[in-house]
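Letter by letter, the chains look like this.
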Amino acid sequence: MSSLNSGSSHDIREPETDIARTREILSTDATLERETLFLTDASPNASVERPSAQSFAETTPSGSRFVRACLRRPVDRTPIWLLRQAGRYMPEYMAVRKHHSLLEICRTPDIAAEVTITAAERLGVDAAIIFADLLLPFTPMGLDFEFLAGEGPIVHSPIRSAEQVRALRTDRIDDLSYVARAIEKVATHFAAPRPDGDQLGIIGFCGAPFTLASYMIEGGSSRNYIETKKLMYSDDATWSLLMEKLVRVLVGFAQQQVEAGADVIQIFDSWAGALSVTDYRQYCLAPTTELVRRIQALGVPVIYFGVDTASLLPTMRQTGADVIGLDWRIPLDIGWKAIGEGCAVQGNLDPIALFAPEDVLKSRVLEVLTAANKRPGHIFNLGHGIVPGTPVDNVINVVKWVKEFGAQ
Ligand code: CP3
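This is a predicted model, so every value here is computed, not measured.

1. A short note on the overall build of the protein chain
At step 1: A count of helices and strands for the protein chain gives 18 helices and nine strands.
At step 2: Burial analysis of the protein chain (408 residues in total) assigns 59% to the buried set.
At step 3: Long-range pairs, those at least 24 residues apart, make up 75% of the contacts in the protein chain with a sequence separation of at least 6.
At step 4: Summing over all exposed atoms, the protein chain offers an accessible surface of approximately 16100 Å²; the carbon and sulfur share of this is 51%.

2. Looking at helix α11 (residues 209–218)
At step 1: Counting buried positions along α11 yields ten of ten residues, so the element is predominantly enclosed.
At step 2: Residues of α11 that are buried include every one of Pro209, Phe210, Thr211, Leu212, Ala213, Ser214, Tyr215, Met216, Ile217 and Glu218, and no others.
At step 3: Note on α11: the residue one or two positions beyond its end, Gly219, has a positive phi of about 90 degrees.

3. Topic: the pairing of strand β4 (residues 201–207)
At step 1: Counting buried positions over the seven residues of β4 gives seven, a clear majority of the element.
At step 2: Here three bridges tie strand β1 (residues 127–129) to β4, and the two strands are oriented parallel to one another. Directly across from Ile129, in β4, lies its bridge partner Ile203.
At step 3: Sheet topology note: the β4/strand β5 (residues 264–269) ladder contains five bridges and is parallel.

4. Regarding the environment of Lys400
At step 1: With respect to the helices and strands, the residue Lys400 is situated in helix α18 (residues 392–405).
At step 2: Each C-alpha atom of the pair Lys400 and Gly124 lies 8.4 Å from the other, and the pair is 276 residues apart in sequence.

5. Thoughts on the site of the ligand
At step 1: Surrounding the ligand, one finds 21 residues, the nearest of these being Arg88, Tyr93, Arg97, Ser270 and His384.
At step 2: Within the side chain of Asp133, an N or O atom sits 2.7 Å from a nitrogen atom of the ligand.
At step 3: With respect to the ligand, the side chain of His384 contributes an N or O atom lying 2.7 Å from an oxygen atom.
At step 4: Going through the elements one at a time, α5 (91–97) and β3 (152–155) are the ones with two or more residues in the shell around the ligand.
At step 5: Counted by class, the shell around the ligand contains 13 nonpolar, four polar and four charged residues.

6. A look at the pattern of salt bridges
At step 1: As enumerated under the stated definition, the model contains 18 salt bridges in all.
At step 2: A salt bridge links Asp76 to Arg65, with the shortest nitrogen-to-oxygen separation between them at 2.7 Å. Of the two residues, Asp76 sits in the loop between α4 (65–70) and α5 while Arg65 sits in helix α4, which places them eleven residues apart along the sequence.
At step 3: Arg65 sits in the buried class, given a relative accessible area of 4%.
At step 4: A single salt-bridge network, built from bridges that share partners, covers Arg65, Asp76, Arg77, Asp126, Arg194, Asp196 and Asp198.

7. Description of the sheet that holds β4
At step 1: As summarised here, the arrangement of the seven strands in space is β1-β4-β5-β6-β7-β8-β9, forming an open sheet in which the pairing is parallel. This sheet does not close on itself; its edge strands, each paired only once, are β1 and β9 (378–382). Between one strand axis and the next, the sheet turns by 25 degrees as a mean value, whatever way the strands run.
At step 2: For strand β8 (residues 344–349) and β9, the ladder comprises five bridges, and the chain directions are parallel. When the sheet's bridge partners are listed, Gln346 is paired in β9 with Ile379.

8. Looking at the packing of helix α13 (residues 236–260) against helix α14 (residues 277–296)
At step 1: Across the interface, α13 lies against α14 with an axial gap of 10 Å and an inter-helix angle of 20 degrees. Judged on the interaxial angle alone, α14 and α13 are roughly parallel. The element α13 and its partner α14 pack so that their crossing is right-handed. From α13, Asp236, Trp239, Met243, Val247, Leu250, Val251 and Ala254 reach across to α14, where they touch Tyr283, Cys284, Pro287, Glu290, Leu291, Arg294 and Ile295.
At step 2: Residues of the contact of α13 with α14, tallied by class, amount to eleven nonpolar, no polar and three charged.

About the criteria used
Residues numbered from 1 in each chain as written. Predicted model: local features only at pLDDT ≥ 70, side-chain atom pairs only at ≥ 80, totals over all residues. Heavy atoms only, no water. Helix = DSSP H or I, 4+ residues; strand = E, 2+ residues; numbered from the N terminus. Buried < 20%, exposed > 50% of the residue type's maximum accessible area, 1.4 Å probe, protein only. Contact = heavy atoms within 4.5 Å. Areas by Shrake-Rupley, 256 points an atom, 1.4 Å probe, with all protein chains shown as cover. Pairing = 2+ DSSP bridges. Near = heavy atom within 4 Å. Polar contact = N/O pair within 3.5 Å; in protein donor to acceptor, adjacent residues only side chain to side chain. Nonpolar A, V, L, I, M, F, W, Y, C, P; charged D, E, K, R; others polar. Salt bridge = Lys/Arg side-chain N within 4 Å of Asp/Glu carboxyl O. Axes fitted to C-alpha atoms, helices over the stretch in contact; angles between N-to-C directions. Parallel < 35°, antiparallel > 145°, perpendicular 65-115°, else oblique. Left-handed = near helix turned anticlockwise from the far one by under 90°.

What follows is the structure, encoded as structure tokens:
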């Protein structure tokens, strides 16, 4: 487990001033800004002072090949885990879902831990992501939501005004501690090294400020993010306050997860690809950088993942995340070049390739491994989550091939 800041989630420092400072540092780096606007090699100089992957590498004696890869340290073979590895494609998950709603599973540590453990063991992957959902922090913030079958999440009173943003609460982070309790159970289960001597990695996660704000404002999934962008463009103070409140809650939530045994935190910015580079820089880079920096200060590496991000990659790298998650649209080596080799990458098989015949699927797996070329700092994953209906045997085959062909 990692070294931690003392203090409970109540006494987390006010992030307002930190975000302002981060924004200042970012905006003074005009050369870097120009250089990283397009798909060029990213500057190796991170723009914000932060505990570097190097300092983690020096202080973390990790026996987990997954954590080692996050830190770009040598590994015996490429580690693998899969986005949405515990989900509706898996009969074991569906059997649990028959008796419990999604939120019941998330909020019951025994069941969330069981679902997490079952998926990791069935697939034989190198890391377990805790079973939870991006939207769980909405409840203690005072925003009611539910999951409707086939429609995804619905927020009952979407945020459309400054008053609603002001009313969002940031003082009830402890209400989320059921996720930490589930992580403790998973950590206990996987405490002993596996037969090959490797320690299974445990991943905690949270949403990024933009992606969470988009659900709060749109009230659910969206195609064009019109309401989100309207608020972003027209009311700077309200947008900033929303970002600050989200960062405050997410840091507290991540802290609980790290204290409970999460080795790494993944930040999902699933819908960042809806933003132009200019808008990402102007409205999202500073709060996201702040979030990354403060989670790293808890003593764990951060994976930062988004979808449809080819043009955003060099800017996403500026958040200082240790690992950038790539979607499947960009060849892994080109994405890695855009990010810069001083950063690890995770990805990036097309999840729909899991429906292909064996020879095609195998060739796509090899393509990803070949593009990574055994450089330190590659974690094999999908470019987005496994979808319902995916044949489990194909998923298991991918894990087998990565173990076979990813040997260093
Ligand atoms: O093993 C795992 O990765 C599962 C844990 C997990 C869930 N949600 C459970 C879940 C994780 C990591 C998430 C993150 C999450 N939640 C994201 C980011 C990941 C991504 O895909 O980019 C997002 C955008 C959400 C919000 C969310 N939750 C949506 C939009 C939906 C509906 C979409 C769908 O697939 O139906 C969910 C529901 C959800 N969360 C499911 C699961 C397994 C499926 C619904 C169910 O089981 O009833």
